[in-house]
Structure formats: C-alpha cells, structure tokens
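Coordinate inspection notes
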Amino acid sequence: MDIKSIIDGNEKFRKNKFKKYEEKFVDLVQKGQKPKVLYIGCSDSRVLPHLITNTGPGDLFIVRNIGNFVAPFKPDEDYHSTAAAIEYAVSVLQVSEIIVCGHSHCGAIAALYDRPDGAEMIHVRKWLGLGNEAKKYIETNSTTKGLSLEKKLAMTEKISVVFQLTHLLTYPKIQELVNAGKMNLRGWYYKIESGDIEYYNEELQEFVSMGIKIEH
Ligand SMILES: [Zn+2]
C-alpha cells in the first residue's frame, strides 16, 4: 500500500467508520480512557491487536515493539519506552490484565538465529538480546534436538512469551499486584495463518487453544 492510499484512507475513515464510533470517542474524551488491559505485542504489520481481538476505542492500552519483548525492571535514567508504557498502564490507568502476545513467523525471533550485522543495526542487536533466554532454552533442551528450524522458531516464539512474563514480574508494582490477586499476566500466541490464539496454561506449562474451533 502506498502513502497516497494511506492518506486517502483517513478521508474514508472520517466519512464512514468514524461515524460509527463518534459517540464512543466523544464519551472517551469527556470521561477519559480507562482500559483494563495492557497489550504488549509485536510491531509486525500482520498482527493487528484490535482486529484479532475484535476490540475498539478505549479497550486496549497498547505497546508494540519488535519481538514483543519486555526488558526487565531497570530503574536508571536511560530511555525505556516499553517500561514507561508498562509503568503508566499499571500505576496511572491501573490495568488489571497484561497480555504479552507473540506470534507465528516473527522476524525478531528468526533474527535470533541469524543476527543482523552492520553498525546501523546497533539498537536492533541490543534489543534482540531480550530473546536470548528463549533461544538458549530451545537450543539446550534435549527434546528439541533434530527438529527443523521452522519448528524451533515456533517453539522459541512461544517460550519467549513466557520469559517476557517473568520479566514483567521484575517490576515491583506488578509483583505486588499479582501477589495480591489484583492482576493477571497472560501469555498469548497468535497464528497469522489461521487467526487462532493460543494461551499459556501455567499448570500444563504449554500453549493451548483459546476456545472453540472455528471452521475456516
Ligand atoms: Zn514479531
């Protein structure tokens, strides 16, 4: 899609879809936003949080980055955009649910196995380090020996989500709320090719389908 189509798209949005949501937007402006859910997902253009969850204005507070990674809590003076979004969602918006949503065919996870070179990729390389635990887990797990790269990538995409949930627990406020039973952390895995979402079942320690099978 070219830039002209995107610019024209706003005109179409104002003429058509905005009308449908106008009342809702006005209400959200007057009363302010109060989303109950923080969604942390990948920047991938094929994974659209509102589309895949059938949500709309005011429903999700969203932060997206490459790989849907969460950097562990690090209280220093550096710029931490994902941590800032997490802090704001938890302390100001007081969300009670945090979803970390990974997905199939994730370029960030694939890049863990095929590192990008070049000085211009300095931030990407550093950021991808947040996926190293997941890659190491898969590479040192005896059950993954001999598996195809495709299978290993899918497993890494999933286990990385679980590691990011543990990173969320390094934020003192999140740890406190989870301990008090006031917050749920959810690990999701979205399949681009089918639209299905699997969730991480802590008891089973695996990802299971979210619900009823829909025939495509
Ligand atoms: Zn991705």
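Summary of the structure given here. This one's a predicted model, so the numbers in the text were calculated from it and none came from an experiment.

1. Some thoughts on the pairing of strand 1 (residues 37-42)
Counting buried residues in strand 1 gives six out of six residues, a clear majority hidden from the surface. Direction of pairing for strand 1 relative to strand 2 (residues 60-65): parallel, over a ladder of six bridges. Bridge pairing in strand 2 links Tyr39 to Ile62. Two elements, strand 1 and strand 3 (residues 97-103), share five bridges in a ladder whose sense is parallel. Within strand 3, the position partnered with Ile40 by the bridge is Val100.

2. Some details on the nonpolar core
If you look at the biggest cluster of nonpolar residues, it comprises 36 residues, and the most contacted ones within it are Leu38, Ile40, Ile98, Ile99 and Val100. Mapped by element, the contributors of at least two residues to this core are strand 1, helix 4 (81-92), strand 3, helix 5 (107-112), helix 8 (149-168) and strand 4 (184-190). Here Val100 is in contact with Ile40, Asn68, Val70, Val161, Gln164, Leu165, Gly187 and Trp188, once residues within four sequence places are set aside.

Rules of the game
- Residues numbered from 1 in each chain as written.
- Predicted model: local features only at pLDDT ≥ 70, side-chain atom pairs only at ≥ 80, totals over all residues.
- Buried ≥ 20, exposed ≤ 12 C-beta atoms within 10 Å, placed from the backbone.
- Helix = DSSP H or I, 4+ residues; strand = E, 2+ residues; numbered from the N terminus.
- Pairing = 2+ DSSP bridges.
- Core = buried A, V, L, I, M, F, W, Y, C linked by C-beta atoms within 7 Å.
- Contact = placed C-beta atoms within 7 Å.

Note that all results are geometric; they support no functional claim without further evidence.
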